[in-house]
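Observations on the three-dimensional arrangement
Each chain, written out:
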Amino acid sequence: MQAANANGAETGPTDDYVTVFVGDTLFGLAIERVHDVFVPSGVTPVPLAPSEIVGLLNLRGRVVTAVCLRRRLGMPDAETQDDKANPKMAIGLEQGGETFALVVDGVGEVLKLGTDSREAVPINLDPRWRNLATCVHRLDGRLLVILDVDALLGFSAAGAKAA
C-alpha cells in the first residue's frame, strides 16, 4: 500500500494496525491478523489454566480461548472488572489453526502508518513487552507498541517466559 501526504504525493509503503487500549497504553495489532471485534460474553473459566487465560467462549458456534492482554503483558487487573457502562472488548485472532479472543480494555481506530514513524523496540521497554513487540511508532507524543501476534499467542515454554 502507498500512503499520500497532504499534497497527494505518495510517501511510501504503509502498514495498517487496529489499535487497542490496556489502561492508558496504546497497542497495535496488524490488521491482517484481526478477524473480529466484539464484546465477550458467557466466558467459562478453565481450571488450572495459566492466569492470562480468562476462559472459553462461544463465537458464532466456535469454541474460542479468551486471553487477557493485560495479564499477558504482566499488568495488574483493572479495578472495575464488570463495568456495564464500559464493557471489555475482544479482538478475534487466529493462531496455529485455533481461534483466540484477545480481551482488551478498549478498541481504538485503524491507523495506516508509514516507515517514517516506525522505530525498533526500545532497549529500555519492559522485557515482558519487548519480547512480545515487533516495533513502535511515535504518534504525537504517544508511543504505539506494535504487538507480535505469534509471540503473544505462543504459549510454549519460551512464550511463558516472556510474560
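Please read these numbers as outputs of a predicted model, since none were measured by experiment.

Considerations on the packing of aromatic side chains
Enumeration over the complete set of coordinates arrives at 1 aromatic pair. Centroid distance Phe27 to Trp129: 5.2 Å. Interplanar angle 65°. Geometry classified as edge-to-face. Remark: Trp129 occurs in helix α2 (residues 127-130) and Phe27 occurs in strand β3 (residues 25-30); sequence separation between them is 102 residues. Here Phe27 matches Trp129 in class, with each residue buried.

Concerning the confidence of the model for the protein
A low pLDDT means the predicted coordinates there should not be read in detail. Within the protein, residue pLDDT values average 85, and 83% of them lie at 70 or more. Residue range residues 1-10 is modelled with pLDDT below 50. Its contacts to residues more than four positions away, or to other chains, number 18 contacts.

Topic: the layout of surface pockets
Taken as a whole, the second largest pocket spans an internal volume of roughly 220 Å³. Taken together, 16 residues line the second largest pocket, and the ones lying closest to its centre are Asp15, Tyr17, Ala30, Glu32 and Ile146. Contributions of two or more residues to the lining of the second largest pocket are made by β2 (10-22), β12 (142-147) and α3 (149-152). Residue classes in the lining of the second largest pocket are distributed as 7 nonpolar, 2 polar and 7 charged.

Calculation notes
Residues numbered from 1 in each chain as written. Predicted model: local features only at pLDDT ≥ 70, side-chain atom pairs only at ≥ 80, totals over all residues. Heavy atoms only, no water. Phe/Tyr/Trp six-rings, centres within 6.5 Å; stacked < 30°, edge-to-face > 60°. Helix = DSSP H or I, 4+ residues; strand = E, 2+ residues; numbered from the N terminus. Buried < 20%, exposed > 50% of the residue type's maximum accessible area, 1.4 Å probe, protein only. pLDDT = per-residue confidence, 0-100. Contact = heavy atoms within 4.5 Å. 1 Å grid on protein atoms, 1.4 Å probe; cavity = no way out; pocket = protein on both sides within 12 Å on 5 of 7 lines; lining within 4 Å. Points joined across faces, edges and corners; volume = space filled by probe spheres on them. Nonpolar A, V, L, I, M, F, W, Y, C, P; charged D, E, K, R; others polar.

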